[in-house]
Amino acid sequence: GAGVSQSPSNKVTEKGKDVELRCDPISGHTALYWYRQSLGQGLEFLIYFQGNSAPDKSGLPSDRFSAERTGGSVSTLTIQRTQQEDSAVYLCASSLGGEPGRGYTFGSGTRLTVV
Amino acid sequence: AQSVAQPEDQVNVAEGNPLTVKCTYSVSGNPYLFWYVQYPNRGLQFLLKYITGDNLVKGSYGFEAEFNKSQTSFHLKKPSALVSDSALYFCAGNSGGYQKVTFGTGTKLQVIP
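Participant: Could you give an account of the overall build of chain A, naming the residues involved and the relevant values?
Facilitator: Within chain A one finds zero helices and 10 strands. Beginning at the N terminus, the succession of helices and strands in chain A can be written as β-β-β-β-β-β-β-β-β-β. Its C-alpha atoms give chain A a radius of gyration of 13 Å, within 12% of the compact-globule value 13 Å for 115 residues. A principal-axis box enclosing the C-alpha atoms of chain A has dimensions of 40 × 25 × 25 Å.

Participant: Can you explain the pairing of strand β5 (residues 43–50) of chain A? Please cite residues and give values.
Facilitator: Residue and element names in this part refer to chain A. Of all eight residues that make up β5, seven are buried, and the element is covered over most of its length. Bridge count between strand β4 (residues 31–37) and β5: seven bridges; the pairing is antiparallel. Across the sheet, residue Tyr35 finds its bridge partner in β5, namely Phe45.

Participant: Before we move on, can you summarise the interface of chain A and chain B with the specific residues and values?
Facilitator: Every contact between the two is made by 21 residues of chain A and, on the other side, 20 residues of chain B. Summed over both sides, the interface between chain A and chain B buries roughly 1600 Å², with carbon and sulfur atoms accounting for 58% of that surface. On inspection of chain A and its partner chain B, the count reaches zero salt bridges. Broken down by element, the residue count for the side of chain A that touches chain B peaks at four residues, all from β5(A). Residue composition of the side of chain A that touches chain B, by class: nine nonpolar, nine polar and three charged.

Participant: Describe the sheet that holds strand β7 (residues 75–79) of chain A, with residues and values.
Facilitator: Residues and elements named next belong to chain A. As summarised here, the arrangement of the four strands in space is β1-β3-β7-β6, forming an open sheet in which the pairing is antiparallel. Pairing within the sheet leaves two strands with one partner each, and these edge strands are β1 (5–7) and β6 (65–69). Averaged over all pairs of adjacent strands, the angle between strand axes in this sheet comes to 15°, irrespective of strand direction. Across five bridges, the pairing between strand β3 (residues 19–24) and β7 is antiparallel. Along β7, the bridge assignment pairs Arg22 with Thr76.

Participant: An account of the state of the cysteines is needed here, citing residue identities and associated values.
Facilitator: Formally, a disulfide is one covalent bond, and it connects the sulfur atom of one cysteine to the sulfur atom of another. Scanning all chains against the criterion turns up two disulfides over all chains. Between A:Cys23 and A:Cys92 runs a disulfide, and the two sulfur atoms are separated by 1.9 Å. Residues A:Cys23 and A:Cys92 are joined through a disulfide that is left-handed, its torsion about the S-S bond being -65°. One end of the pair, A:Cys23, is in strand β3; the other, A:Cys92, is in strand β8 (residues 88–95), with 69 residues separating them in the sequence. You can call A:Cys92 buried: its relative accessible area is 0%. The disulfide that involves B:Cys23 links it to B:Cys91, with 2.0 Å between the sulfurs. Residues B:Cys23 and B:Cys91 are joined by a disulfide whose S-S torsion is about -65°; by sign, that bridge is left-handed.

Participant: Pulling in residues and values, what's your account of the packing of aromatic side chains?
Facilitator: Under the definition given, this model contains 20 aromatic pairs over all chains. Seen from their ring centres, B:Tyr25 and B:Phe67 are 5.9 Å apart, and the 20° between their planes marks the pair as stacked. One end of the pair, B:Tyr25, is in strand β4 (residues 24–26); the other, B:Phe67, is in strand β8 (residues 64–68), with 42 residues separating them in the sequence. The exposure class assigned to B:Tyr25 is buried, which follows from its relative accessible area of 8%. Given a relative accessible area of 6%, B:Phe67 falls into the buried group. One aromatic cluster is present, built from ring pairs that chain together A:Tyr33, A:Tyr35, A:Phe45, A:Tyr48, A:Tyr104, A:Phe106, B:Phe34, B:Tyr36, B:Phe46 and B:Phe103.

Participant: How would you explain the nonpolar core if you had to name every residue and give the values?
Facilitator: All names here are of chain B. Counting residues in each nonpolar core, the largest one holds 27 residues, and the members touching the most others are Trp35, Leu47, Leu48, Phe74, Leu76 and Tyr89. When contributions to this core are tallied by element, the ones reaching two or more residues are β2 (10–14), β3 (19–21), β5 (32–38), β6 (44–50), β8, β9 (73–78), β10 (87–94) and β12 (107–112). What Phe74 contacts, discounting residues up to four positions off in sequence, is Cys23, Leu33, Phe34, Trp35, Leu48, Lys49, Tyr50, Ala65, Glu66, Phe67 and Cys91.

Participant: Could you give an account of the side chain of A:His29, with specific residues and numbers?
Facilitator: Residue and element names in this part refer to chain A. Tracing the sequence through the fold places His29 in the loop between β3 and β4. Classification of His29 as buried rests on a relative accessible area of 12%. Ignoring anything within four residues of it in the chain, the contact list for His29 reads Arg69, Gly72, Ser94, Ser95, Leu96 and Thr105.

Conventions we followed
- Residues numbered from 1 in each chain as written.
- Chains lettered and ligands numbered in written order.
- Predicted model: local features only at pLDDT ≥ 70, side-chain atom pairs only at ≥ 80, totals over all residues.
- Heavy atoms only, no water.
- Helix = DSSP H or I, 4+ residues; strand = E, 2+ residues; numbered from the N terminus.
- Rg over C-alpha atoms; globule rule 2.2 N^0.38 Å.
- Buried < 20%, exposed > 50% of the residue type's maximum accessible area, 1.4 Å probe, protein only.
- Pairing = 2+ DSSP bridges.
- Contact = heavy atoms within 4.5 Å.
- Buried area = accessible area lost by both parts, 1.4 Å probe.
- Salt bridge = Lys/Arg side-chain N within 4 Å of Asp/Glu carboxyl O.
- Nonpolar A, V, L, I, M, F, W, Y, C, P; charged D, E, K, R; others polar.
- Axes fitted to C-alpha atoms, helices over the stretch in contact; angles between N-to-C directions.
- Disulfide = S-S within 2.5 Å.
- Phe/Tyr/Trp six-rings, centres within 6.5 Å; stacked < 30°, edge-to-face > 60°.
- Core = buried A, V, L, I, M, F, W, Y, C linked by side-chain atoms within 4.5 Å.

See below:
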């Protein structure tokens, strides 16, 4: 597609429920990132996929968080047993990766609210 | 480990005045540096990048950034601020290749009419 697509754009869930957030990167982009942005705060790195390499999961805040990237394209971020502190905007970005200085293209994000 | 620092949480500037948003970096090797902007209720947009070459990089919306190796800085600048420039600005960097990009904590720019 022309840009990075994220769905849903908004998600309200009850505490303790599981949620899945989806990211469709730009076709051909080998690098895919997930970030979290709490209200008015900076970007918190979550996870990074690059081609067929093992993902960099160093930013995942707990074992309730996991992510997959199937076929080197679409990625799903799963949060199990959601907590109120998980409320944030989850941003996905993709890039061609491997090219020096290649910037990201960000999606519009999924606003997650845990009630 | 690489890091990017934005020492100011907020910068206020009067419309028409020059603006500077500060960024310093700690990246091994030759750095690749970026600025992104986030307007209210919008996604992040790429503004400009430094890879190599001229230390002064020009980007979108009249913004530019100056790479200073000795001071490990990459400050964002604009000669004349507009109210519409009010947004959240993020500096980011890596050492190129497959290295993940690290973002600063963001600086809120408020341009006062």
